[in-house]
Amino acid sequence: MTAESAFDCDVLVAGLGPVGAALAVLLSDEGLSVIAVDKETGVYPLPRAAHFDHEIMRFFQQLGVAEAVLKHARVAPAYEFRSANGEVLMRMELNRATSPSGWPASFMFHQPGLEHALRERLAVAPGADVRLGWAFAGLEQDATGVTARLSGPEGESEVRARYLVGCDGAWSPVREACGVRLADYGFDEPWLVIDVRPAAGAATPEVNLQICDPARPTTCVLMGPGRHRWEFMLRPGERAEAALDEVFIRGLLAAWPCADGAEIERKAVYRFHGLVADRWRVGRVLIAGDAAHQTPPFAGQGMCSGLRDAANLAWKLAAVLRDGADARLLDSYQSEREPHTRALIERAIGMGRLVCTLDPEAAAARDAAMLAQRASGQRPPMPPPPNFERGFLMAGAPGAGELFPQPCARSGSDAAAVRLDDVLGRGPWLLSRSRPTAARWPPRRLAALDEPALAPFREAILKWLDRRGVDAVLVRPDRYVFGAGAADELARAYVGQLGLAAAAP
């Protein structure tokens, strides 16, 4: 048996929720062989996550599932914090029209529909072998690969892979097998989550709401078309079992006339908390999504963060396994993603502490401060995710670590949008004012802005370059900027950090 034939696949993906399915598609599209396993035989039939943002919609565009996902989503118009008596304490406009990613800023969605879209895409991905009903049971790894034990309908099985990625949820067996610990932010609040299908004609709220009522903090948000979600914080002494009783639930919903006659589709009690794994890579094993980090839902960034993990990790695994890049590139996965994720968790916890105030006097002081801020004319937007500050970047270069924008163009009022990513294809890209002279490096696109295909986007890209006073920009496959400056210097730095041979004439 040759060394090559000793492996069943390049990457084994354990867990096929949105993060695992998206990662498996990306890896397959990069030309890698993938085995993707999940202990369940089908998509979980009830919604869990409810929100994704413009960057994630751009990611779905890259995966080729944007249109399929849109069938299960709707644009979110605004996010309001209200007092117990209904006063608007704060309103975040979510910008329906556009965003840096070329899509509306925020979407509410029905998770089972989204997951089916990803599974259907995975089913036609070349080089992807999907095995449902197989649970991860253990692993051993050495200098060249990982041997994973699986348990399934045919008994025990083993898979030998060069790398294993655990996308297997909050109770991740892969994380446990590696002895990885979770750091706890100390925010732990029990909430009752109720998903409903309102009765026909019910006038449900048209914006997402946080009701900052010290008697019962409450969330009311849109979901996919025809669905709505309520979340009620449990008071001290209220037990989860009692909270799931139909009479208790209907009593809470009674305060919302729009919920009269609604079909309760799902009910569950969750602990809203913030947790982050101390190691996201242990040798040839990596973790992503809820296995690596968990957040309260107040900022709507749980699934978003997991999908950003997939986008970050897929191209780096491909660079190592396909292009021969130095495996230390994989260490930049955590160094980039952890600070980014922590910032979003801390934002969500800050919002949660604001909402979860049970002391009436403290709540009154909070309301007064927020009303004064609103009266002063301050209208806070939903802040964007932070940039990368370290990792696989050209240190000190303008734009390094920023999400590169995606301009859109239309040839007429009725024409479909043409987006930059679709024209340029999968990255990385080196975009320059004039024809770059770099002779050899990994990107699929080495483009001058005078190319006819870039004509619809030339003005937007030139504005981006002008603001930074540079001639070129190098955009990574996950659409974050490696750096901006002189084209040839960018190419050399990129190749050098990958650990590949220098560009040759």
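Relevant structure appears above.
Residues numbered from 1 in each chain as written. Predicted model: local features only at pLDDT ≥ 70, side-chain atom pairs only at ≥ 80, totals over all residues. Heavy atoms only, no water.

Student: Mind showing me how you'd approach the overall build of the protein here?
Tutor: Each helix and strand in the protein was counted, giving 13 helices and 25 strands. At 24 Å, the protein has a C-alpha radius of gyration in line with the 23 Å of a compact globule built from 505 residues. With the C-alpha coordinates of the protein rotated into their principal frame, the extents come out at 70 × 60 × 40 Å. In the protein, buried positions account for 54% of the 505 residues. Of all intrachain contacts in the protein linking residues separated by at least 6 positions in sequence, the fraction that spans at least 24 positions is 70%. Surface accessibility of the protein: about 20700 Å² in total, with carbon and sulfur atoms responsible for 52%. The positive charge centre, built from 56 side chains, and the negative charge centre, built from 62, are 3 Å apart in the protein. (Helix = DSSP H or I, 4+ residues; strand = E, 2+ residues; numbered from the N terminus. Rg over C-alpha atoms; globule rule 2.2 N^0.38 Å. Buried < 20%, exposed > 50% of the residue type's maximum accessible area, 1.4 Å probe, protein only. Contact = heavy atoms within 4.5 Å. Areas by Shrake-Rupley, 256 points an atom, 1.4 Å probe, with all protein chains shown as cover. Lys, Arg positive; Asp, Glu negative; His and termini not counted. Charge placed at Lys NZ, Arg CZ, Asp CG, Glu CD.)

Student: Can you walk me through the packing of helix α1 (residues 18–29) against helix α4 (residues 111–123) in this structure?
Tutor: Axes are the key here: two packed helices are described by the angle between their axes and the distance separating the axes. Contact geometry of α1 with α4 gives a least axis separation of 9 Å together with a crossing angle of 25 degrees. In terms of orientation, α1 lies roughly parallel with respect to α4. In terms of crossing hand, the pair formed by α1 and α4 is left-handed. Contacts between α1 and α4 pair Pro 18, Ala 21, Ala 24, Val 25 and Asp 29 from the former with Gln 111, Leu 114, Glu 115, Leu 118, Arg 121 and Leu 122 from the latter. Here the contact of α1 with α4 is composed, by residue class, of 7 nonpolar, 1 polar and 3 charged. (Axes fitted to C-alpha atoms, helices over the stretch in contact; angles between N-to-C directions. Parallel < 35°, antiparallel > 145°, perpendicular 65-115°, else oblique. Left-handed = near helix turned anticlockwise from the far one by under 90°. Nonpolar A, V, L, I, M, F, W, Y, C, P; charged D, E, K, R; others polar.)

Student: Explain the side chain of Arg 160 to me, please; I cannot follow it from the model alone.
Tutor: In this fold, Arg 160 is placed in strand β11 (residues 155–166). A polar atom in the side chain of Arg 160 sits 3.0 Å from the side chain of Asp 142. If we ignore the near neighbours within four places in the chain, the residues touching Arg 160 are Ala 6, Phe 7, Asp 8, Cys 9, Asp 142, Thr 144, Gly 145, Val 146 and Thr 147. (Polar contact = N/O pair within 3.5 Å; in protein donor to acceptor, adjacent residues only side chain to side chain.)

Student: Would you mind showing me how to read unusual backbone geometry here?
Tutor: Most of the time, phi is negative for any residue but glycine, and the peptide bond is trans. A cis amide bond, omega 10 degrees, links Gly 427 with the succeeding residue Pro 428. With respect to the helices and strands, Pro 428 occurs in the loop between α11 (420–424) and β22 (429–432).

Student: I tried to follow the sheet that holds strand β12 (residues 182–197) on my own but got confused; where do I start?
Tutor: Adjacent strands of a sheet form backbone hydrogen bonds with each other and so pair up, either parallel or antiparallel. Taking strand neighbours across the sheet as the criterion, the 8 strands line up as β6-β5-β13-β14-β15-β12-β16-β19 in an open arrangement whose pairing is mixed. Looking at strand neighbours, the two that pair on one side only are β6 (88–93) and β19 (293–294), the edges of this open sheet. Relative to β6, strand β5 (residues 78–83) runs antiparallel, the two sharing 5 bridges. Within β6, the residue paired with Ala 78 across the bridge is Glu 93. Running at roughly 65 degrees to β12, helix α9 (residues 331–355) makes contact with β5, β6, β12, β13 (208–212), β16 (263–277) and β19 of the sheet. (Pairing = 2+ DSSP bridges.)

Student: Looking at this model, I keep getting lost on the packing of aromatic side chains. Mind explaining?
Tutor: The relative placement of two aromatic rings is captured by the distance of their centres and the angle of their planes. With the rule as written, the count across this model stands at 17 aromatic pairs. With a centroid separation of 5.7 Å and an interplanar angle of 65 degrees, the aromatic rings of Trp 230 and Trp 256 are classed as edge-to-face. Here the residue Trp 230 occupies a position in strand β15 (residues 228–233), and Trp 256 occupies one in the loop between α7 (246–253) and β16, the gap between them amounting to 26 residues. For the pair Trp 230 and Trp 256, a shared accessibility class is recorded, and that class is buried. (Phe/Tyr/Trp six-rings, centres within 6.5 Å; stacked < 30°, edge-to-face > 60°.)

Student: Explain the nonpolar core to me, please; I cannot follow it from the model alone.
Tutor: The tendency in soluble globular proteins is for nonpolar side chains to be buried side by side. With 113 residues, the main nonpolar core has Phe 52 and Phe 60 as its most contacted residues. When residues in this core are grouped by element, the largest group, 12 residues, is from helix α8 (residues 302–321). Setting aside anything within four residues of it in sequence, one finds Phe 52 in contact with Met 57, Phe 60, Val 69, Ala 73, Ser 106, Phe 107, Phe 109, Leu 114, Met 303 and Cys 304. In terms of nonpolar packing, the next biggest core, distinct from the first, is built from 20 residues, Leu 234, Leu 252, Cys 258 and Ile 264 among them. (Core = buried A, V, L, I, M, F, W, Y, C linked by side-chain atoms within 4.5 Å.)

Student: Is there a simple way to explain the packing of α1 against α8 in this structure?
Tutor: Orientation of α1 relative to α8, taken along the N-to-C sense of each, is 25 degrees, at an axis distance of 9 Å. The orientation of α1 with respect to α8, classified from their angle, is roughly parallel. For α1 against α8, the interelement crossing comes out right-handed. Residues Pro 18, Val 19, Ala 22, Leu 23, Leu 26 and Leu 27 of α1 pack against Met 303, Gly 306, Leu 307, Ala 310, Ala 311, Ala 314 and Leu 317 of α8.

Student: Got a minute to help me understand the pattern of salt bridges in this structure?
Tutor: Side-chain pairs of opposite charge can arise where the charged atoms are in close proximity. The tally for this structure, following the rule as stated, stands at 35 salt bridges. Between Arg 216 and Glu 238 there is a salt bridge; the shortest N-O distance is 2.7 Å. Here Glu 238 lies in the loop between β15 and α6 (240–243) and Arg 216 lies in the loop between β13 and β14 (218–222), a separation of 22 residues in the sequence. Residue Arg 433 pairs with Asp 471 through a salt bridge whose shortest N-O separation is 3.5 Å. Separated by 38 residues along the polypeptide, Arg 433 in the loop between β22 and β23 (445–448) and Asp 471 in the loop between α12 (458–468) and β24 (472–475) bring together distant segments of the chain. The exposure class assigned to Asp 471 is partly exposed, which follows from its relative accessible area of 46%. In the salt-bridge network here, residues are joined through shared partners; they are Glu 80, Arg 82, Arg 91 and Glu 93. (Salt bridge = Lys/Arg side-chain N within 4 Å of Asp/Glu carboxyl O.)

Student: How do you make sense of the sheet that holds strand β4 (residues 73–75) when you look at a structure like this?
Tutor: The strand order across the open sheet built from 3 strands is β3-β7-β4, with neighbouring strands paired in antiparallel fashion. Of all strands in the sheet, those with a lone pairing partner are β3 (51–53) and β4, marking the two edges. For this sheet, the mean angle separating the axes of adjacent strands, direction not counted, is 30 degrees. α8 contacts β3 and β7 (106–109) of the sheet and is inclined by roughly 50 degrees relative to β3.

Student: Any chance you could explain the state of the cysteines here in plain terms?
Tutor: Here, disulfide denotes a covalent bond that connects the sulfur atoms of two cysteines. Under the definition given, this model contains 0 disulfides. With no disulfide of its own, Cys 178 has Cys 167 as its nearest cysteine by sulfur position, at a separation of 13 Å. Free of any disulfide, Cys 356 has its nearest cysteine sulfur in Cys 212, 9.0 Å distant. Relative accessible area serves as the criterion here: at 11%, Cys 356 is assigned to the buried category. (Disulfide = S-S within 2.5 Å.)

Student: Just to check I follow, could you spell out the environment of Glu 30 for this structure?
Tutor: In this structure, Glu 30 sits in the loop between α1 and β2 (34–38). Judged by relative accessible area, Glu 30 falls into the buried class, the value being 10%. For the pair Glu 30 and Arg 175, spaced 145 residues apart in sequence, the C-alpha separation works out to 26 Å.

Student: Looking at this model, I keep getting lost on the environment of Arg 229. Mind explaining?
Tutor: Tracing the chain through its elements places Arg 229 in strand β15. In the structure, Arg 229 is positioned 116 residues away from Ile 345 in sequence and 21 Å away in space, judged by C-alpha atoms. From its side chain, Arg 229 meets the backbone oxygen of Arg 48 in a polar contact 2.7 Å long.

Read these as geometric descriptors, not functional statements.
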